[in-house]
Each structure stands twice: as C-alpha cells, then as structure tokens.
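Spelled out from the first residue to the last, the chains are:
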Amino acid sequence: MLVLFQRETCPDCKPVRELLTRLQVSYVNVNVPKPREERHELIRTTGSKFIPALVDGATVIPGRLRENADIIAYLEKRFGDPETVAPVAVAPAAVAPAAVAGAEARPGTGLIMAVR
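Here's what I pulled together on the structure shown here. (Residues numbered from 1 in each chain as written. Predicted model: local features only at pLDDT ≥ 70, side-chain atom pairs only at ≥ 80, totals over all residues. Heavy atoms only, no water.)

1. Thoughts on the side chain of threonine 45
Okay, step 1: By the secondary structure assignment, threonine 45 is in helix H2 (residues 40-46).
Okay, step 2: Looking at threonine 45, its side chain comes within polar contact range of the main-chain oxygen of glutamate 41, at 2.8 Å. (Helix = DSSP H or I, 4+ residues; strand = E, 2+ residues; numbered from the N terminus. Polar contact = N/O pair within 3.5 Å; in protein donor to acceptor, adjacent residues only side chain to side chain.)

2. Quick notes on helix H1 (residues 14-23)
Okay, step 1: Listed as buried for H1 are Val16, Arg17, Leu19, Leu20 and Leu23. Along the long axis of H1, the arc covered by the buried residues comes to 160 degrees, so they all point the same way.
Okay, step 2: The inward-facing, buried residues of H1 abut strand S1 (2-6), strand S2 (27-31) and helix H3 (69-79).
Okay, step 3: Among the residues trailing H1, glutamine 24 stands out with phi positive, at a value near 55 degrees. (Buried < 20%, exposed > 50% of the residue type's maximum accessible area, 1.4 Å probe, protein only. Arc of directions from axis to C-beta. Contact = heavy atoms within 4.5 Å.)

3. Describing the pattern of salt bridges
Okay, step 1: Applying the stated rule across the entire model yields seven salt bridges.
Okay, step 2: Measuring nitrogen to oxygen at the nearest pair gives 2.8 Å for the salt bridge that ties glutamate 41 to arginine 44. Pair noted here: glutamate 41 and arginine 44 are both in helix H2, with a separation of three residues, about one helical turn.
Okay, step 3: Connected through shared salt-bridge partners, Arg64, Glu67 and Asp70 make up one network. (Salt bridge = Lys/Arg side-chain N within 4 Å of Asp/Glu carboxyl O.)

4. Examining the environment of lysine 34
Okay, step 1: Among the structural elements, lysine 34 can be located in the loop between S2 and H2.
Okay, step 2: The exposed category is assigned to lysine 34, whose relative accessible area is 63%.
Okay, step 3: In the structure, lysine 34 is positioned 28 residues away from glutamine 6 in sequence and 9.7 Å away in space, judged by C-alpha atoms.
Okay, step 4: In contact with lysine 34, other than residues within four places in its own chain, are Arg7 and Arg39.

5. Brief notes about the packing of H1 against H3
Okay, step 1: Here H1 crosses H3 at 10 degrees, and the two axes come no closer than 10 Å. With respect to H3, the element H1 is oriented roughly parallel. The segment H1 lies against H3, with Pro15, Val16, Leu19, Leu20 and Leu23 engaging Ile71, Ile72, Leu75, Glu76 and Phe79.
Okay, step 2: Split into classes, the residues belonging to the contact of H1 with H3 amount to nine nonpolar, no polar and one charged. (Axes fitted to C-alpha atoms, helices over the stretch in contact; angles between N-to-C directions. Parallel < 35°, antiparallel > 145°, perpendicular 65-115°, else oblique. Nonpolar A, V, L, I, M, F, W, Y, C, P; charged D, E, K, R; others polar.)

So this is what it looks like as structure tokens:
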C-alpha cells in the first residue's frame, strides 16, 4: 500500500493526490501537522520533515521543500500514463508507518489519517 504524507492545504501535495486519483491507485493519506518539528512519524519514516513524501514498500521518496517532481515522476513510471491506465492492484507495503499498519483503502481513494 502506498503511503502519502501530506497536508490538505499544501500546494505541492494536491497534484500528487490528483495523480493518484487519476491513476486509480489505492493509498493511505497521512495528514501531518503544520509545524515541521511535530512531524515525528514522517521524520522517522522518511528521514525528512518536508512534504509531500511517498512510501511504496521499500521505496521511500522523502519530501523536499516546495518540490513534488520526484514523486510525480515515480508514480508515472510505476503506474503509467494516467490517461490510458486501467485500475491497478497494489501489493501491501513492506514499510509503512506503525499508525497505518493493517489499514485499507479503496482503489482511487486515500485513507485519511492524522498522525504526529
């Protein structure tokens, strides 16, 4: 299961969420606190305090300040062109935050959780 660390008001996170929806990929959406020093689960999982950040099994794409191009490129390479892709089943993640272990989501939707 993909895990996206983000904030709803983050302008760099919105395009990632929209791409995941167009690709019809299930993912866990982890909303992080605004104060960067309070993003404990994000920092523990990715080594970075910036969002958006993506975890796909053993693949971790840490967030970078005001940047989402690495995540967009990874998703397009992994799942294909969002205009021509059929629904995809995603295998459970080998690496996922403890707070979301066992969580499920439907294709094309995110399971929203707030963690610190």
